[in-house]
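Take a look at the letters that make up each chain.
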Amino acid sequence: MNLEQRLSLANTLVAEAGRLALAAYAAPSIEVSSKSPGDLVSETDFAIERMIRTEVGNAFPHDNIIGEELGGGASSAGYTWLIDPIDGTVNFARRLGYFCISLALLSDGRPVAAWILDPVQNELFHAGPDGVVRVNEAEVSCSQETDLLEAVIGLGFSSRHGSEVAANVIAGLTAVGTEHRRLGAGALCLAHVAAGRLEGYLEPHMNPWDAVGGLYLATCAGAVTGHYLEADGLAAGAPVYAVAPLLSEQLLAALPAPFSGTPLHRENEPRSTGKVAN
């Protein structure tokens, strides 16, 4: 089974995941539970991840899989799939239309394709081994903005780092007059960086199922990105930095750690180290 067959399967799986997400989103109620304060999981998350795992397992039983809800581990050899069945579950559960399905494919430990689907807007952000980023069928690239005063930066924060990190990042952006948005779905924000709709996205610690696909899109689209994989992001998560190239040097000068210095994050949840969540 070759790469082209995996790419074809991924297109089918993402489309089916979008149908499942939209059906649940339109239902009278969405069943959710709490994993931790401010971190929800829905039955739809589990349904989508199980569907993708089943289909990948049937077609490519030797491939590795990492998913947000059911864990798994990457390998430096062969293929690894990264699944976030719904990134932005809090938004999804509250009927706020900013959420996505994220799927990435790695070969020998490096990304070769990514799919981020916004089912509400019917937009598929995709890049394959050719490195061309498309939204549906239209080619896109990152912003060429040069003025921080005209930029809009997406932000994400979590309990996996100290609250002072968030305060310091916002203070740095405010000091140079740069607008920021916390939209609640980091993978979709990274896709919007790739499409030039945001000038950048910053998150002090991001899990691999959220980060890798979006970073691949942003990198292919021309954004400056941090060394997520080199920072052991697949095993432990890492800071995420993706910024339009003509703004990156200015922005780095305005930002505190972990973007200006040594990555700062707590040890990640056991799911990303290969242990299945309870």
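Above: the structure in question.
Residues numbered from 1 in each chain as written. Predicted model: local features only at pLDDT ≥ 70, side-chain atom pairs only at ≥ 80, totals over all residues. Heavy atoms only, no water.

### Overview of the sheet that holds strand E6 (residues 110–118)
Next up, step 1: Strands sit in the order E3-E4-E5-E6-E7-E8-E9 across an open sheet of 7 strands; the sheet is mixed. Every interior strand has two partners, whereas the edge strands, strand E3 (64–67) and strand E9 (138–139), have only one.
Next up, step 2: For E3 and strand E4 (residues 79–87), the ladder comprises 4 bridges, and the chain directions are parallel. Across the sheet, residue Asn64 finds its bridge partner in E4, namely Thr80.
Next up, step 3: The strands touched by helix H2 (residues 43–59) within the sheet are E3, E4 and strand E5 (100–107), with E4 carrying the most contacts at an inclination of about 160°.
Next up, step 4: Contacts from helix H6 (residues 208–220) reach E3, E4, E5, E6, strand E7 (123–127) and strand E8 (133–135) within the one sheet, and its direction differs from that of E6 by about 100°. (Pairing = 2+ DSSP bridges. Helix = DSSP H or I, 4+ residues; strand = E, 2+ residues; numbered from the N terminus. Contact = heavy atoms within 4.5 Å. Axes fitted to C-alpha atoms, helices over the stretch in contact; angles between N-to-C directions.)

### A look at helix H4 (residues 163–175)
Next up, step 1: Over its 13 residues, H4 runs 19 Å from end to end, which matches the ideal 18 Å to within 8%, given 1.5 Å per residue.
Next up, step 2: The set of residues buried in H4 consists of Val165, Ala166, Val169, Gly172 and Leu173. Take H4 and look down its axis: the buried residues cluster within an arc of 130°, on one side only. Exposed residues lying more than 90 degrees from the buried face of H4 are Ser163, Thr174 and Ala175. (Expected span 1.5 Å × (residues − 1). Buried < 20%, exposed > 50% of the residue type's maximum accessible area, 1.4 Å probe, protein only. Arc of directions from axis to C-beta.)

### A word on the side chain of Glu199
Next up, step 1: By the secondary structure assignment, Glu199 is in the loop between helix H5 (186–194) and strand E12 (200–206).
Next up, step 2: Arg181 provides the closest opposite charge to the buried, unpaired Glu199, separated from it by 9.3 Å.
Next up, step 3: There is a polar contact of 2.9 Å between the side chain of Glu199 and the backbone nitrogen of Val152.
Next up, step 4: Ignoring sequence-local partners within four residues, the contact set of Glu199 consists of Ser143, Glu145, Glu150, Ala151, Val152, Ile153, Ala242, Val243, Ala244 and Leu247. (Lys, Arg positive; Asp, Glu negative; His and termini not counted. Salt bridge = Lys/Arg side-chain N within 4 Å of Asp/Glu carboxyl O. Polar contact = N/O pair within 3.5 Å; in protein donor to acceptor, adjacent residues only side chain to side chain.)

### Considerations on the packing of H5 against H6
For any two helices packed against each other, one specifies the crossing angle of their axes together with the interaxial distance.
Next up, step 1: Relative to each other, H5 and H6 sit at 5°, their axes nearing to 8 Å. Classified by the angle their axes make, H5 and H6 are roughly parallel. Between H5, through Ala187, Leu190, Ala191, Val193 and Ala194, and H6, the contact on the second element is made entirely by Asp210, Ala211, Gly214, Leu215, Leu217 and Ala218.
Next up, step 2: A breakdown of the residues in the contact of H5 with H6 according to their chemical character gives 9 nonpolar, 1 polar and 1 charged. (Parallel < 35°, antiparallel > 145°, perpendicular 65-115°, else oblique. Nonpolar A, V, L, I, M, F, W, Y, C, P; charged D, E, K, R; others polar.)

Purely geometric numbers; function is a separate question.
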